[in-house]
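Spelled out from the first residue to the last, the chains are:
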Amino acid sequence: MINRRMMLAGTAALAATPVMAARAKPFDPAFPKGFLWGAATAGHQVEGNNTNSDQWLLENVTPTITGAPSGDAVNSFELWREDLDLAQSIGLNAYRFSLEWARIEPEPGMFSRAMLNHYKAIIDGARARGLAPVVTFNHYTTPRWFAAMGGWTSEKAPELFAKFCDRAMRHLGANIAVALTLNEPNLARLLPLVMPPQFLDGLRANLAAAARAANVPRFMVANTVPPEDVPALTTGMIAGHRLARAAIKAVRPDLPVGFSFAMADDQAATKDSVRDAMRQKLYGDWLEVAREDDFVAIQNYERILWGPKGRLPAPDGGMRNFRGAEVYPPSLAGAARYAHEATGKPVLITEHGVGTDDDTLRVRLIREAMPPLRQAMADGVPVLGYIHWTLMDNYEWGAGIGHGAFGLASVDPATFERKAKPSAGVLGAMARANSL
């Protein structure tokens, strides 16, 4: 699949006039007690050999647009204890990871107690290390059987997802700190805006090949969706989120539940900018759903400046990621301000990072993004925590493993040894002090 972070970062653009600077309130560099400092992973991207998932099939048919297959990824299915030890050693107090639906329910209605025990052990292991488990119930990938029945476009999808969440919650939900039902369900809205026609042609061919391999009429996944399927997918995912939230709350009414947004720092360049219309298109119906939740989770990697006819190009100069796209640290605070303004909910940052082979860029991003975020909090935006993407270099959608990685730690491809980078020390120092 296409690397979602590269895709969005490729659309990054100019900064808006810093209107908040003139009236910024002085702020204490310390963060509120209980602030979450974490790092995130996603099952398919770290576990390896997720052979029963929809993504695995897409990676292993011809033609494919996924690039290198995930294979062993970074072997976190076996090495999850090392991952938790790494997060603890950095100084973090939270760890975000996902349940792999394809492992837990390999066939419809057939739930694996062994796999449920596996994820329960991770949750309990996180707690034992002082890490709050932030659990994503579905981070894009679904069981192959689910995709083969049309995925989220199927009328049965919401109820099937809710049943999975109910079964998972009853087995392993006692020690979860925060629950996310879905990861970036609004991503499908962005694809038609930023991807060239040849990508969409390749996507349709890849999905058709997977359908032939599965011997079904349609094979549908969540993180790359043809434009014609976006309305049905969105309807299914909204219904699925609401039913899943209810299922989770039925087991633990006290558990905070939400979903994560893919959200840029959208900025208006002119009085007749299309910014507000684009916000409505990209986020509108999902913002309405988020108003029903306990918090709004955002995942920010970029800013976009909107003119009267669309996006404007990024300015020259400044930091760049490994693909040459702009890296603008204040975008995180800008997205957080809008998310709270639009929903009235507290904000949880569940992803933020940069793809680069130069860790000094990641260090700068962390150091320069956090003060504007703390300023936003002083101005009245309630932020619950900051979770960096990602704990360690992993399998990136469409990019494989290695070049342009996002990790706070590197991973040896032969031994799978994890080794913290200097950026981990920078974030860890803030986390330990709970302060800038």
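Scroll up to find the structure this text is about.
So, a few notes on the structure that sits alongside this text. Keep in mind it's a predicted model, so treat the numbers as computed, not measured. (Residues numbered from 1 in each chain as written. Predicted model: local features only at pLDDT ≥ 70, side-chain atom pairs only at ≥ 80, totals over all residues. Heavy atoms only, no water.)

A few words now on the packing of helix α4 (residues 76-90) against helix α15 (residues 422-433). Remark: α4 packs on α15, axes separated minimally by 8 Å, with the N-to-C direction vectors making an angle of 65°. If you check the angle between α4 and α15, you find them roughly perpendicular. Where α4 abuts α15, its residues Gln88, Ser89 and Ile90 lie against Ala424, Gly428 and Arg432. Across the contact of α4 with α15, the residue classes break down as two nonpolar, three polar and one charged. (Axes fitted to C-alpha atoms, helices over the stretch in contact; angles between N-to-C directions. Helix = DSSP H or I, 4+ residues; strand = E, 2+ residues; numbered from the N terminus. Parallel < 35°, antiparallel > 145°, perpendicular 65-115°, else oblique. Contact = heavy atoms within 4.5 Å. Nonpolar A, V, L, I, M, F, W, Y, C, P; charged D, E, K, R; others polar.)

The end-to-end C-alpha separation of helix α13 (residues 331-343) is 18 Å, in line with the 18 Å expected for 13 residues at 1.5 Å each. Burial within α13 is extensive, with eleven of its 13 residues counted as buried. When α13 is considered as a whole, its buried residues turn out to be Ser331, Leu332, Ala333, Gly334, Ala335, Ala336, Tyr338, Ala339, His340, Ala342 and Thr343. Directly after α13, the chain includes glycine 344, whose backbone phi takes a positive value near 75°. (Expected span 1.5 Å × (residues − 1). Buried < 20%, exposed > 50% of the residue type's maximum accessible area, 1.4 Å probe, protein only.)

Looking now at the packing of aromatic side chains. Taken as a whole, this structure holds 19 aromatic pairs when the rule is applied. Note on tryptophan 101 and tryptophan 145: the rings are 6.1 Å apart at their centroids and 85° apart in plane angle, and the pair reads as edge-to-face. Taken together, the positions of tryptophan 101 in helix α5 (residues 101-104) and tryptophan 145 in helix α7 (residues 144-148) put the pair 44 residues apart, joining distant regions of the chain. Side by side, tryptophan 101 and tryptophan 145 carry an identical accessibility label, which is buried. Judged by centre distance (6.1 Å) and plane angle (90°), the rings of tyrosine 301 and phenylalanine 406 are edge-to-face. Taken together, the positions of tyrosine 301 in the loop between β7 (296-300) and β8 (303-306) and phenylalanine 406 in the loop between β14 (400-401) and β15 (409-411) put the pair 105 residues apart, joining distant regions of the chain. Both residues of the pair, tyrosine 301 and phenylalanine 406, count as buried. Three or more aromatic residues joined by ring pairs form one cluster here, namely Trp101, Trp145, Phe146, Trp152, Phe161 and Phe164. Lying over the aromatic face of tyrosine 338, arginine 279 brings its terminal NZ or CZ to 3.7 Å of the ring centre. Lying over the aromatic face of phenylalanine 31, arginine 374 brings its terminal NZ or CZ to 5.6 Å of the ring centre. (Phe/Tyr/Trp six-rings, centres within 6.5 Å; stacked < 30°, edge-to-face > 60°. Lys NZ or Arg CZ within 6 Å of the ring centre and 35° of its normal.)

Note on placement: asparagine 206 falls in helix α10 (residues 197-214). Sequence separation of asparagine 206 and threonine 64 is 142 residues, and the distance between their C-alpha atoms is 4.9 Å. Of note is the side chain of asparagine 206, whose polar atom sits 3.3 Å from the backbone nitrogen of isoleucine 65. (Polar contact = N/O pair within 3.5 Å; in protein donor to acceptor, adjacent residues only side chain to side chain.)

This next bit is on the nonpolar core. Leu99, Phe137, Trp152, Phe261 and Ile298 are the most contacted members of the largest nonpolar core, which totals 106 residues. Ranked by residue count, the leading element in this core is helix α8 (residues 157-172), at eight residues. (Core = buried A, V, L, I, M, F, W, Y, C linked by side-chain atoms within 4.5 Å.)

Along β7, five of the five residues are buried, which leaves the element largely enclosed by surrounding structure. Covered by surrounding structure in β7 are Val296, Ile298 and Asn300 together with Ala297 and Gln299, the residues of both alternating faces. The pairing of strand β5 (residues 257-262) with β7 spans three bridges and is parallel. Counterpart to alanine 262 in the pairing with β7 is glutamine 299. For β7 and strand β11 (residues 347-352), the ladder comprises five bridges, and the chain directions are parallel. Among the inter-strand pairings, isoleucine 298 is bridged to a residue of β11, identified as isoleucine 349. (Pairing = 2+ DSSP bridges.)

This part covers the pattern of salt bridges. Where charged atoms of side chains with opposite charge meet at close range, the side chains can pair. For the structure on display, the rule yields 22 salt bridges. Residue arginine 245 pairs with glutamate 292 through a salt bridge whose shortest N-O separation is 2.9 Å. One end of the pair, arginine 245, is in helix α11 (residues 230-251); the other, glutamate 292, is in the loop between α12 (275-290) and β7, with 47 residues separating them in the sequence. Linked through salt bridges whose partners overlap, the residues forming this network are Arg242, Arg245, Glu292 and Asp293. (Salt bridge = Lys/Arg side-chain N within 4 Å of Asp/Glu carboxyl O.)

Once that is clear, we can look at the environment of alanine 378. Summarising the element assignment, alanine 378 is placed in helix α14 (residues 359-378). By relative accessible area, alanine 378 is classed as partly exposed at 23%. Sequence separation of alanine 378 and proline 26 is 352 residues, and the distance between their C-alpha atoms is 7.4 Å. Among residues more than four places away in sequence, those in contact with alanine 378 are Lys25, Pro26 and Phe27.

Another point: the sheet that holds strand β12 (residues 383-389). In spatial order, the strands read β1-β2-β3-β4-β5-β7-β11-β12; together these eight strands close into a barrel with parallel pairing. Here the strands of the sheet are splayed against their neighbours by 25° on average, with no regard to which way each runs. Direction of pairing for strand β3 (residues 132-138) relative to strand β4 (residues 178-183): parallel, over a ladder of four bridges. Looking at the pairing, threonine 136 lines up with leucine 180 of β4. Those strands touched by α11 are β3, β4 and β5, and its axis lies near 160° from that of β4. Running at roughly 160° to β5, α12 makes contact with β4, β5 and β7 of the sheet.

Here we take up the packing of α4 against helix α6 (residues 113-128). Between α4 and α6, the least distance of the axes is 10 Å, while the angle of their chain directions is 10°. If you check the angle between α4 and α6, you find them roughly parallel. Counted together, Phe77, Trp80 and Leu84 of α4 and Met115, His118, Ala121, Ile122, Gly125 and Ala126 of α6 form the full contact between these two elements. When grouped by side-chain class, the residues that make up the contact of α4 with α6 number seven nonpolar, two polar and no charged.

Here the focus is the side chain of histidine 171. Take histidine 171: it is sitting in helix α8. In terms of polar contacts, histidine 171 uses its side chain to reach the side chain of asparagine 117, at 2.7 Å.

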